Amino acid sequence: VKCFLLYNNVIECYFNYCSVVWHFSSKCNTYKIEKLQEKALRFIKLDFNSSYKLLLENCNKHPLYVVRIRKFMEAVYKISHDKYPLYLNALIKPKNVQINLRSDNNICIPQYKTVKYGKNSFTYSAPFYWNKLPNIIRNARSFSSFKTLLHDWVPSCKCGSCLQCNIINR
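What counts and what doesn't
Residues numbered from 1 in each chain as written. Predicted model: local features only at pLDDT ≥ 70, side-chain atom pairs only at ≥ 80, totals over all residues. Heavy atoms only, no water. Helix = DSSP H or I, 4+ residues; strand = E, 2+ residues; numbered from the N terminus. Buried < 20%, exposed > 50% of the residue type's maximum accessible area, 1.4 Å probe, protein only. Areas by Shrake-Rupley, 256 points an atom, 1.4 Å probe, with all protein chains shown as cover. Phe/Tyr/Trp six-rings, centres within 6.5 Å; stacked < 30°, edge-to-face > 60°. Patch = residues over 30% accessible without salt bridge, like charges linked within 9 Å, V, L, I, M, F, W, Y side chains within 5 Å. Salt bridge = Lys/Arg side-chain N within 4 Å of Asp/Glu carboxyl O. Core = buried A, V, L, I, M, F, W, Y, C linked by side-chain atoms within 4.5 Å. Contact = heavy atoms within 4.5 Å.

**Some details on the overall build of the protein**
- What the protein contains, in helices and strands, is ten helices and zero strands.
- With 170 residues in all, the protein has 36% of them scored as buried.
- Per element, the accessible surface of the protein, about 10900 Å² overall, is 58% carbon and sulfur.

This is the structure in structure tokens:
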């Protein structure tokens, strides 16, 4: 129990510090940081045989990639509710739809020319993940309720080839 407190208070805070900024680092760096979390959790739990996915479940943790996406969504919520500096509002543009749809409160996903500087950028990823959020989370009235609802959300993907699937299925 003391080791787990040590992990939560000392180690995990370094993983989450400025995660929105370095979320866009290379796949290699993402795997390295996930491997560090895996080693720390294995050491604390003294579990050297189970899979990373099972280890995360036993520790009631999520992959750092998912945690970073959640932090990313918190930033988008603050931008869309004018709680961040105004110059960041230009990074996301709400969809202008004249009729009510089931998927209201969506953000326009811009076209990109390159994967490295287009698809792996804030202006593409923010609307992409925001539009994947259920409406009940996107339409939260306060930031605290948004965070509470977001805590249980995990981006769903079963493609088997994306970064998130590769991290979970190692």
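**Concerning the packing of aromatic side chains**
- Enumeration according to the criterion identifies ten aromatic pairs in this entry.
- Taken together, a centroid distance of 5.9 Å and an interplanar angle of 15° make the contact between tyrosine 124 and phenylalanine 128 stacked. Of this pair, tyrosine 124 and phenylalanine 128 both sit in helix H7 (residues 122-132), four residues apart, which is roughly one turn of the helix.
- Residue classification places phenylalanine 128 among the partly exposed positions, given a relative accessible area of 29%.
- For the pair phenylalanine 128 and tyrosine 129, a centre-to-centre distance of 5.1 Å together with 80° between the ring planes defines the contact as edge-to-face.
- Residue tyrosine 129 is classed as buried on the basis of its relative accessible area of 10%.

**Looking at a nonpolar patch on the surface**
- A contiguous nonpolar patch, built from Leu6, Val10 and Tyr14 and spanning about 340 Å² of accessible area, is present on the exposed surface.
- One can find tyrosine 14 in helix H1 (residues 2-16).
- The exposed category is assigned to tyrosine 14, whose relative accessible area is 65%.

**Some thoughts on the nonpolar core**
- In terms of nonpolar packing, the biggest core is built from 33 residues, with Met73, Val76, Trp130, Leu133 and Phe146 touching the most fellow members.
- Of all the secondary structure elements, the ones that give two or more residues to this core are H1, helix H3 (27-45), helix H4 (52-59), helix H5 (64-80), H7, helix H9 (143-151) and helix H10 (163-168).
- The leading source of residues in this core is H5, at eight residues.
- Once residues within four sequence positions are removed from consideration, valine 76 is found in contact with Ile92, Ile107, Phe122, Ala126 and Trp130.

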